[in-house]
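Chain by chain, the residues run as shown.
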Amino acid sequence: MKSIHLYFLLLYTLIIFRSTNLVAQTSDSWFSVKKLDSKTWIIDEQGAVNVYLLEGNDKALIIDTGLGIADLLSVIKSITDKPLMVVNTHAHSDHAGANFQFEKIFVHPNDIKGIKEFNSPPIMNEIISTLTNGNRPSEFELYKGKLCNSQIFQVNEGYVFDLGGRKIEVIETPGHTSGSICLLDIDEKVLYTGDTNNTIVWLFLDECLPLSEYLKTLKKQVSRINEFDTLMPGHGLPASCEFIKDQIECVKNILNGTCKNDTLKTFLGNRTLCKYGFAKVAYNPGNL
């Protein structure tokens, strides 16, 4: 069964990325933009984080804003002239760094405080250096440490962004942070997952909820798995919705003590890592 699962994932990724085409880049190639279909784009920031642009008949929705050290807004405007809405899947600075380039930001109320805390210059500099291997865009000195004065609007479970002929539903998915959300493209059956369903999920940070709470989120996702086929994560490549089932088994093995732990090296030090199938969860043994 696992070999079939692997084949499906590899085949799906190959089809998706062969069918995409490069449609825009900044002058220094800091961002690369891949078009998935006539109204959906992945904006890849140096392989470090994914920003997504979803266009409807009337408006466009930006899911996360990346590191915030280059001109994301100009890239967006080169793709669409529709009025823009911006939503953060969570507060971490690699997903909310460029919020200051936009007038209005939608975020879950539990992560509003974190939007300011995680975008402080010391934290930003450490994350940027790590995720980009020390690379810097030409705009870096202009944008680094820029404070966000955008208007913040709250979104909760069930909120729907109506883009005109395209509706995107908010699903609360606490775990990585207490205010983490996923965005369901209802008609396209695609789930944009932030850091909830990455290949490696970080659950050892101070702001992470206990592992048992994250398991509830994964089970909640599976309860709605007939509503989406594809996961579009905050980091890395698209995955089948079946990947969530590997994540569930991984977390269960941690909680029942059967996981043979490994070590994940991060810029925050070595962390305990559990693997199951294609899922990896880095966690704090004191926060189960």
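Every value quoted in this text rests on a predicted model; they were computed, and no experiment measured them. (Residues numbered from 1 in each chain as written. Predicted model: local features only at pLDDT ≥ 70, side-chain atom pairs only at ≥ 80, totals over all residues. Heavy atoms only, no water.)

### So, empty space enclosed by the protein
Part 1: The final tally for this structure, using the stated rule, is two cavities of 30 Å³ or more.
Part 2: Its boundaries defined by the atoms lining it, the second largest cavity holds a volume of some 40 Å³.
Part 3: Lining of the second largest cavity is provided by Ile171, Thr173, Cys182, Leu191, Lys220, Gln221, Arg224 and Phe228.
Part 4: Of the residues contributing to the lining of the second largest cavity, the split by class is four nonpolar, two polar and two charged. (1 Å grid on protein atoms, 1.4 Å probe; cavity = no way out; pocket = protein on both sides within 12 Å on 5 of 7 lines; lining within 4 Å. Points joined across faces, edges and corners; volume = space filled by probe spheres on them. Nonpolar A, V, L, I, M, F, W, Y, C, P; charged D, E, K, R; others polar.)

### Some points on the state of the cysteines
Part 1: On inspection of all chains with the given rule, the structure shows one disulfide.
Part 2: In this model, cysteine 259 is linked to cysteine 274 through a disulfide, with the two sulfur atoms separated by 2.1 Å. Judged by the torsion about the S-S bond (120 degrees), the cysteine 259/cysteine 274 disulfide is right-handed. With cysteine 259 in the loop between helix H8 (243–255) and strand S16 (262–266) and cysteine 274 in strand S17 (residues 269–276), this pair connects stretches of sequence that are 15 residues apart. (Disulfide = S-S within 2.5 Å. Helix = DSSP H or I, 4+ residues; strand = E, 2+ residues; numbered from the N terminus.)

### As for H8
In an α-helix, one turn spans 3.6 residues; hence positions three or four apart end up facing the same way.
Part 1: Look at H8: 19 Å from first C-alpha to last across 13 residues, which is about the 18 Å you get at 1.5 Å a residue.
Part 2: Within H8 the residues assigned to the buried category are Phe243, Ile244, Asp246, Gln247, Ile248, Cys250, Val251, Asn253 and Ile254.
Part 3: Once H8 ends, the next one or two residues include glycine 257, with phi positive near 80 degrees. (Expected span 1.5 Å × (residues − 1). Buried < 20%, exposed > 50% of the residue type's maximum accessible area, 1.4 Å probe, protein only.)

### So, the packing of aromatic side chains
Part 1: The full count for this structure, using the stated rule, is seven aromatic pairs.
Part 2: Taking 4.9 Å as the distance between ring centres and 65 degrees as the angle between the ring planes, the aromatic pair formed by tyrosine 52 and tyrosine 192 counts as edge-to-face. Of this pair, tyrosine 52 sits in strand S4 (residues 49–55) while tyrosine 192 is found in strand S12 (residues 190–194), placing the two residues 140 residues apart along the sequence.
Part 3: Note on tyrosine 52: relative accessible area 2%, which makes it buried.
Part 4: Ring plane angle 90 degrees and centroid distance 5.2 Å describe the contact between phenylalanine 106 and phenylalanine 161, whose orientation is recorded as edge-to-face. Of the two residues, phenylalanine 106 is situated in strand S7 (residues 104–107) and phenylalanine 161 in strand S9 (residues 160–162); the sequence distance between them amounts to 55 residues.
Part 5: Owing to a relative accessible area of 11%, phenylalanine 106 belongs among the buried residues under this scheme. (Phe/Tyr/Trp six-rings, centres within 6.5 Å; stacked < 30°, edge-to-face > 60°.)

### Topic: the sheet that holds strand S13 (residues 200–203)
Part 1: Overall, mixed pairing links the four strands, which are arranged S13-S18-S17-S16 in an open sheet. Each end of this open sheet is capped by a strand with a single partner; those strands are S13 and S16. Neighbour to neighbour, the strand axes of the sheet diverge by 35 degrees on average, direction disregarded.
Part 2: For S13 and strand S18 (residues 279–283), the ladder comprises four bridges, and the chain directions are parallel. Pairing of tryptophan 202 across the sheet is with alanine 282, part of S18.
Part 3: Contacts between H8 and the sheet are confined to S13, S17 and S18, with S18 contributing the most and set at about 40 degrees to the helix. (Pairing = 2+ DSSP bridges. Axes fitted to C-alpha atoms, helices over the stretch in contact; angles between N-to-C directions. Contact = heavy atoms within 4.5 Å.)

### What to know about the pattern of salt bridges
Part 1: Considering all chains together, one arrives at 11 salt bridges under this definition.
Part 2: A salt bridge links glutamate 55 to lysine 82, with the nearest nitrogen and oxygen atoms 3.8 Å apart. With a gap of 27 residues between them, glutamate 55 in strand S4 and lysine 82 in the loop between helix H2 (72–79) and strand S6 (84–87) connect regions that are remote in the sequence.
Part 3: You can call glutamate 55 buried: its relative accessible area is 14%.
Part 4: Two residues, lysine 245 and glutamate 242, come together in a salt bridge whose shortest N-O distance is 3.0 Å. (Salt bridge = Lys/Arg side-chain N within 4 Å of Asp/Glu carboxyl O.)

### Description of the environment of asparagine 261
Part 1: In this fold, asparagine 261 is placed in the loop between H8 and S16.
Part 2: Put simply, asparagine 261 and leucine 273 are 12 residues apart on the chain and 5.5 Å apart in space, counted from C-alpha to C-alpha.
Part 3: Not counting the four nearest positions on each side in its chain, asparagine 261 is found in contact with Thr272, Leu273, Cys274 and Tyr283.
Part 4: In this structure the side chain of asparagine 261 is engaged in a polar contact, spanning 3.0 Å, whose partner is the side chain of tyrosine 283. (Polar contact = N/O pair within 3.5 Å; in protein donor to acceptor, adjacent residues only side chain to side chain.)

Distances and angles like these do not, on their own, reveal function.
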